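Listed below are the residues making up each chain.
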Amino acid sequence: FEKYFNVVYDGFFDRLLKNHPDITLYEMKLCAYIKLNLGSKEIAVYMNISPNSVTIARHRLRKKLGLNQEDSLHAYISTI
């Protein structure tokens, strides 16, 4: 998945790791799904977790990336 995603989105994971070296593989996968503009319910199906878990993961990711609560996670990830 990572290989093909990186080809289609021209080094997305490389730039993500460069900007945020402490990001985990799980969080990188979540970022990829957000970049694909998937909703929480769709992400939950692909990651085999509950939609509530996706909401919590998105909140933790936003905090780890240094975004405020009012900042759009999707907008930030789209710029990477």
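Residues numbered from 1 in each chain as written. Predicted model: local features only at pLDDT ≥ 70, side-chain atom pairs only at ≥ 80, totals over all residues. Heavy atoms only, no water.

Caption draft 1: How the structure looks around the nonpolar core. Core analysis: the biggest nonpolar cluster contains 23 residues, and Phe12, Ile43 and Leu61 have the highest contact counts within it. For this core, the secondary-structure elements that each account for two or more residues are α2 (12-19), α3 (25-35), α4 (40-47), α5 (51-64) and α6 (73-79). For this core, the leading source of residues is α3, giving six residues. Residues contacting Ile43, with those up to four places away along its chain left out, are Leu30, Tyr33, Ile34, Leu38, Val54 and Arg58. (Core = buried A, V, L, I, M, F, W, Y, C linked by side-chain atoms within 4.5 Å. Buried < 20%, exposed > 50% of the residue type's maximum accessible area, 1.4 Å probe, protein only. Helix = DSSP H or I, 4+ residues; strand = E, 2+ residues; numbered from the N terminus. Contact = heavy atoms within 4.5 Å.)

Caption draft 2: The arrangement of the packing of α2 against α3 in detail. For the pair α2 and α3, interaxial distance at closest approach is 11 Å and the crossing angle is 125°. With respect to each other, α2 and α3 are oriented oblique. Judged by the sense of rotation from one axis to the other, the crossing of α2 with α3 is right-handed. Seen from α2, the contacting residues are Phe12, Phe13, Leu16 and Leu17; seen from α3, they are Met28, Cys31, Ala32 and Lys35. Here the contact of α2 with α3 is composed, by residue class, of seven nonpolar, no polar and one charged. (Axes fitted to C-alpha atoms, helices over the stretch in contact; angles between N-to-C directions. Parallel < 35°, antiparallel > 145°, perpendicular 65-115°, else oblique. Left-handed = near helix turned anticlockwise from the far one by under 90°. Nonpolar A, V, L, I, M, F, W, Y, C, P; charged D, E, K, R; others polar.)

Caption draft 3: Geometry of α2. By the burial criterion, the buried members of α2 are Phe12, Phe13 and Leu16. Along the axis of α2, the buried positions cluster into a sector of 90°, meaning they face one direction only. Turned more than 90 degrees from where α2 packs its buried face, Asp14 and Lys18 sit exposed. For α2, the elements touching its buried residues are α1 (2-8), α3 and α6. (Arc of directions from axis to C-beta.)

Caption draft 4: Examining the packing of aromatic side chains more closely. In the structure shown here, the tally under the stated rule is five aromatic pairs. Consider the rings of Tyr33 and Tyr46, whose centres lie 5.7 Å apart with planes at 20°: the pair is stacked. Of this pair, Tyr33 sits in helix α3 while Tyr46 sits in helix α4, and the two are 13 residues apart along the sequence. Judged by relative accessible area, Tyr33 falls into the buried class, the value being 9%. (Phe/Tyr/Trp six-rings, centres within 6.5 Å; stacked < 30°, edge-to-face > 60°.)

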